Amino acid sequence: MLAVTVIAGILFTWCVLSRRLALWSITAPIAMMVAGIALTSGSDPPLVFDFGDLAGFERAVEVVLALLLFVDATEVPAGGIRRERSVVARLLGVALPLTLGAALLSALVFFPDRPGWVLATLATVVVPLDLAPAAALVRDERIPARLREVLNVEGGLSDGIVSPVFLICVAAAAEYHTVGSDYAEALLDAVGAAGWAVGAGSLVGYLAGWLLRRSWAKGWTLPTAARLAVLSVPLAAYSLSVFLGGNGFVASFVAGVCVAPAMRHLPEGTVRMTDDLVTLSTLALWFLFGQLVSDEFWDGFHLSVVLYAVLACTLVRLVPVMVALVGTDLSLSDRLFLGWMGPRGVASVVFGLLAAIELRGSGGGDFISRVMVITVMVSIVLHGLSAEPLGRRYARGRRPSPQPRVRG
């Protein structure tokens with residue numbers, strides 16, 4: 001309970017000073033991470049989190065990811081998809097697969113002694129986009145609204161697209177260390193789980209969207225009740241999928257995609273309660289991430305891991321994005337901006353934690369966790385330090401533009 005008190009106190013402190021801290025680009029995730037590092041470091045730290053109940057912890061992390069993916073899917077601006085469908089399609093359909101492939105090939109070079117499926121899992125962990133740690137840049141009105149809108153759409157959809165790939169890779173990586181390994185069966189099970197997840201998410205999402213839209217149109221519900229109803233959708237999709245043998249967080253993402261059209265006919269802020277719950281949950285994860293950082297730095301640096309993390313945060317995304325956007329009306333500087341803006345955050349942390357749990361005892365879990373920690377830390381530093389220079393660069397040639405909402 002002391003840990004809960006400390007986390008709540010740190011969050012409250014950031015909230016009352018948020019405007020002042022924003023001047024130094026200190027977001028809530030960064031504040032919680034720094035606090036986690038400070039309070040869990042050393043040989044006798046004030047706080048230590050023991051993840052002894054791995055099954056319960058894994059379920060809790062999955063629920064957090066389920067809510068996060070649901071909110072991302074429901075808040076992707078439909079207008080942004082229509083206006084930038086060519087750019088978004090290239091980023092998600094071309095650049096994202098190329099980025100996954102580049103992350104895998106780079107891992108094979110830096111860690112040749114690791115099993116291929118473990119490295120494939122690592123690629124799915126270090127690739128997902130999360131704009132929250134770079135919120136100051138994405139909210140910066142000096143950056144063209146078009147670029148910020150594209151990033152919001154990509155950030156809202158990329159994690160859900162990577163999720164099934166992550167599940168397949170984890171299943172194969174876990175099978176690698178099993179006597180009498182049957183990769184075909186493991187892959188079929190993972191594909192089957194993804195199929196049940198899509199089915200459960202589609203059923204819950206479409207049905208909930210139709211009922212909510214009809215109920216609001218006829219005046220049968222209240223705004224507060226509608227907010228509660230929306231919160232129940234990802235939970236229902238998650239639990240139904242798990243019951244059927246599918247994956248819960250994939251189902252929640254699909255439910256969000258399916259219910260999103262109905263959300264545009266409901267009162268503004270209907271998803272706000274779910275979004276606030278996601279914010280609180282992910283901030284707690286950022287605090288726990290601080291302990292992971294403490295553990296990694298306490299054990300010492302691994303040069304190959306640091307070099308891979310730097311590459312994963314730079315060229316692994318930059319080159320595929322530049323290739324995918326050839327032939328668009330975006331200028332070279334705009335394409336470079338989209339390629340550079342690939343901050344890693346909660347999605348990488350959650351995927352890394354889940355992989356560590358699923359692959360525990362094999363060495364692969366600890367390895368993925370270590371690389372995830374360093375990659376997220378490198379991303380925070382690189383994308384944080386580049387925020388102000390990028391803003392100044394665009395301010396020299398562009399007028400301020402409207403401010404879209406940050407995804408992530």
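Residues numbered from 1 in each chain as written. Predicted model: local features only at pLDDT ≥ 70, side-chain atom pairs only at ≥ 80, totals over all residues. Heavy atoms only, no water.

As annotated in an unreviewed UniProt entry, the chain carries the name Cation:proton antiporter and is attributed to Streptomyces flavochromogenes. Looking at the chain in UniProt, the text filed under Subcellular location (unreviewed entry) is "Cell membrane". (UniProt positions renumbered as here; feature names shortened; annotations may be inferred.)

Counting buried residues in helix α15 (residues 315-324) gives seven out of ten residues, a clear majority hidden from the surface. Taken as a whole, α15 has its buried residues at V316, R317, L318, P320, V321, M322 and A324. (Buried < 20%, exposed > 50% of the residue type's maximum accessible area, 1.4 Å probe, protein only. Helix = DSSP H or I, 4+ residues; strand = E, 2+ residues; numbered from the N terminus.)

Quick look at the nonpolar core now. Residues F111, L122, F166, F249, W286, F289 and Y308 are the most contacted members of the largest nonpolar core, which totals 97 residues. Sorting elements by how many residues they give to this core places helix α4 (residues 54-74) first, with eleven residues. Counting 18 residues, the second largest nonpolar core, distinct from the first, contains L325, L330, L338 and Y394. (Core = buried A, V, L, I, M, F, W, Y, C linked by side-chain atoms within 4.5 Å.)

This part takes up the packing of helix α7 (residues 116-126) against helix α18 (residues 364-385). Axes are the key here: two packed helices are described by the angle between their axes and the distance separating the axes. Where α7 contacts α18, the two axes come as close as 10 Å, and the packing angle between them is 30°. On the basis of the axis angle, α7 is roughly parallel to α18. Seen from above, α7 lies across α18 with right-handed handedness. Here α7 contributes V118, L119, T121, L122, V125 and V126 to the contact with α18, which in turn contributes G364, F367, I368, V371, M372 and T375. For the contact of α7 with α18, a count of residues per class yields nine nonpolar, three polar and no charged. (Axes fitted to C-alpha atoms, helices over the stretch in contact; angles between N-to-C directions. Parallel < 35°, antiparallel > 145°, perpendicular 65-115°, else oblique. Left-handed = near helix turned anticlockwise from the far one by under 90°. Contact = heavy atoms within 4.5 Å. Nonpolar A, V, L, I, M, F, W, Y, C, P; charged D, E, K, R; others polar.)

What follows is about empty space enclosed by the protein. Evaluated as defined, the whole model comprises one cavity of 30 Å³ or more. Taken as a whole, the largest cavity holds about 90 Å³ of empty space. Lining the largest cavity we find L91, A95, L96, T99, V127, P128, L129, E154, S158, R317, V321 and R344. Secondary structure elements with two or more residues in the lining of the largest cavity: α6 (85-110), α9 (145-176) and α15. Across the lining of the largest cavity, the residue classes tally to seven nonpolar, two polar and three charged. (1 Å grid on protein atoms, 1.4 Å probe; cavity = no way out; pocket = protein on both sides within 12 Å on 5 of 7 lines; lining within 4 Å. Points joined across faces, edges and corners; volume = space filled by probe spheres on them.)

So, on to α7. Residue pairs three or four apart in sequence face the same way in an α-helix, which turns once every 3.6 residues. Along α7, nine of the eleven residues are buried, which leaves the element largely enclosed by surrounding structure. Buried within α7 are the following residues: V118, L119, A120, T121, L122, A123, T124, V125 and V126.

Turning to the packing of α6 against α7, a few remarks are in order. Between α6 and α7, the least distance of the axes is 8 Å, while the angle of their chain directions is 130°. Comparing their axes, α7 and α6 come out oblique. In this structure, α6 crosses over α7, and the sense of that crossing is right-handed. Counting all contacts with α6, which are made through L100, A103, L104, A107 and L108, the residues of α7 involved are G116, L119, A120, L122, A123, T124 and V126. Across the contact of α6 with α7, the residue classes tally to ten nonpolar, two polar and no charged.

Attention shifts here to the pattern of salt bridges. Under the defined criterion, the tally for this structure stands at five salt bridges. In this structure, the salt-bridge partner of R146 is D329, at a minimum N-O distance of 2.9 Å. Here R146, found in helix α9, pairs with D329, found in the loop between α15 and α16 (332-340); they are 183 residues apart in sequence, far enough to count as distant. On the accessibility criterion, R146 (28% relative accessible area) is partly exposed. Judged by its relative accessible area of 60%, D329 falls in the exposed class. A salt bridge links R317 to E154; the nearest nitrogen and oxygen atoms lie 2.9 Å apart. A residue pair is termed long-range when its members are at least 10 positions apart, and R317 in helix α15 and E154 in helix α9 qualify at 163 residues. Each of the two residues, R317 as well as E154, counts as buried. (Salt bridge = Lys/Arg side-chain N within 4 Å of Asp/Glu carboxyl O.)

Scanning all chains against the criterion turns up eight aromatic pairs. For the pair F110 and F111, a centre-to-centre distance of 6.3 Å together with 45° between the ring planes defines the contact as tilted. Overall, F110 belongs to the partly exposed group, its relative accessible area being 27%. On the basis of relative accessibility, which here comes to 5%, the residue F111 falls in the buried class. Measuring from ring centre to ring centre gives 5.5 Å for W286 and F289, while their planes differ by 85°; the resulting arrangement is edge-to-face. A residue pair is termed a helical-turn pair when its members lie 3 or 4 positions apart in one helix, as W286 and F289 do in helix α13 (residues 272-298) at three residues. Grouping residues by exposure puts W286 and F289 together as buried. Taken together through their ring pairs, the aromatic side chains of F110, F111, Y308 and F367 make up a single cluster. Taking the ring centre of F367 as reference, the NZ or CZ of R114 above it sits at 4.2 Å. A cation sits over an aromatic face here: R393 above Y394, 5.0 Å from the ring centre. (Phe/Tyr/Trp six-rings, centres within 6.5 Å; stacked < 30°, edge-to-face > 60°. Lys NZ or Arg CZ within 6 Å of the ring centre and 35° of its normal.)

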